[in-house]
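Analysis of the macromolecular model
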Amino acid sequence: MEGFLYIGLGVLVVASYLCLYRIGRGPTPPDRTVAIDILGVILVGFCALLSLLTKKDFYMSVAIAWALLSFIGTVALAKYLEGKGLDE
Amino acid sequence: MSEYIGLALIAVGLVFDLFGCVGLVRLPDVYTRLQAATKCVTLGTCLILVGSCVCAGLGPTGAKALVCMLFVLVTSPTAAHALARGAYRSGVKLEPPVVVDKFADAQAESEEA
């Protein structure tokens with residue numbers, strides 16, 4: 001079980017590096033924003049696997065907070081791309 | 001037994017996550033990247049969370065995993081929708097193979113009326 005979880009963490013790290021490639025190279029600002037959103041969702045899965053590996057449940061609380069904050073950040077960036085203020 | 005079911009769910013979720021990120025790197029423009037990455041990664045992360053709930057059993061970890069899955073399932077498509085709208089409004093053009101643009105048609109109609 002532990003070996004499998006370590007392999008899973010490795011797979012998620014590779015996926016995060018693919019997202020980072022898109023954040024670095026993305027030709028337009030929306031490309032980078034998409035990659036940031038996806039990176040946040042992947043890190044939620046990473047926290048869940050860490051919680052299983054270490055048998056500590058506060059990692060799952062981190063995952064919940066991360067999911068909500070990532071959503072708020074993405075919506076704010078989308079509004080910024082649209083060229084509007086946050087209250088419109 | 002439930003441990004193996006949970007690990008199988010986590011394995012399927014990891015494969016979906018990885019392929020979503022490969023789509024994010026390989027596809028040609030913002031909208032296709034958004035579509036591939038959001039669908040695959042949302043499903044993959046939800047499967048990882050359900051799998052860790054099954055592995056951990058009833059208790060604080062499993063309950064938090066289910067709540068977190070619900071949040072991801074609701075917020076990720078909403079964020080993708082807002083992003084697609086923001087990308088379109090910020091002036092990113094659709095790539096040449098695209099022939100139908102119903103959003104532009106609807107906007108033209110509403111301006112005429």
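Below or above, wherever it landed, is the structure these notes cover. Quantities reported herein were computed from a predicted structural model and do not represent experimental measurements. (Residues numbered from 1 in each chain as written. Chains lettered and ligands numbered in written order. Predicted model: local features only at pLDDT ≥ 70, side-chain atom pairs only at ≥ 80, totals over all residues.)

Attention now moves to the overall build of chain A. Secondary structure summary: chain A contains 3 helices and 0 strands in total. Sequence-ordered secondary structure for chain A, helices as α and strands as β, is α-α-α. Taking 2.2 N^0.38 as the reference for a compact globule, 88 residues should give roughly 12 Å; the C-alpha atoms of chain A span a radius of gyration of 15 Å, well beyond that estimate. Counting only C-alpha atoms, chain A reaches 50 × 30 × 10 Å along its principal axes. Sorting the 88 residues of chain A into buried and exposed places 40% on the buried side. Taking the contacts inside chain A whose residues are at least 6 apart along the sequence as the reference set, 45% of them involve residues at least 24 apart. (Helix = DSSP H or I, 4+ residues; strand = E, 2+ residues; numbered from the N terminus. Rg over C-alpha atoms; globule rule 2.2 N^0.38 Å. Buried ≥ 20, exposed ≤ 12 C-beta atoms within 10 Å, placed from the backbone. Contact = placed C-beta atoms within 7 Å.)

In this structure, G13 of chain B sits in helix α1 (residues 2-26). Of the residues examined, G13 of chain B has 27 C-beta atoms within 10 Å and is grouped as buried. Along the primary structure G13 of chain B and G51 of chain B are separated by 38 residues, whereas in three dimensions their C-alpha atoms are 8.5 Å apart. Setting aside residues no more than four positions away along its own chain, G13 of chain B makes contact with G45 of chain A together with G44, T45, L47, I48 and G51 of chain B.

With that settled, consider helix α1 (residues 2-25) of chain A. The terminal C-alpha atoms of α1 of chain A lie 35 Å apart, and with 24 residues this matches the ideal 34 Å at 1.5 Å per residue to within 8%. Taken together, the buried positions of α1 of chain A are G8, L12, A15, L18, C19 and R22 of chain A. Elements in contact with the buried residues of α1 of chain A: α2 (29-54) of chain A together with α1 of chain B. (Expected span 1.5 Å × (residues − 1).)

The next point concerns the interface of chain B and chain A. With 43 residues of chain B at the interface, the matching set in chain A holds 42 residues. Of all the secondary-structure elements, those providing two or more residues to the side of chain B that touches chain A are α1, α2 (30-56) and α3 (60-89) of chain B. No other element matches the 17 residues that α3 of chain B contributes to the side of chain B that touches chain A. Of the residues in the side of chain B that touches chain A, the class split is 27 nonpolar, 10 polar and 6 charged. (Nonpolar A, V, L, I, M, F, W, Y, C, P; charged D, E, K, R; others polar.)

Positionally, V75 of chain A belongs in helix α3 (residues 58-82). Here the alpha-carbon distance between V75 of chain A and L18 of chain A, two residues 57 residues apart in the chain, equals 22 Å.

Turning our eyes to something else, we now look at the nonpolar core. Grouped together as the largest cluster of nonpolar side chains are 55 residues, with contacts concentrated most on I38 and A48 of chain A. Top contributing element to this core by residue count: α2 of chain B, with 14 residues. Once residues within four sequence positions are removed from consideration, I38 of chain A is found in contact with C19 of chain A together with C21, L24, A37 and V41 of chain B. (Core = buried A, V, L, I, M, F, W, Y, C linked by C-beta atoms within 7 Å.)

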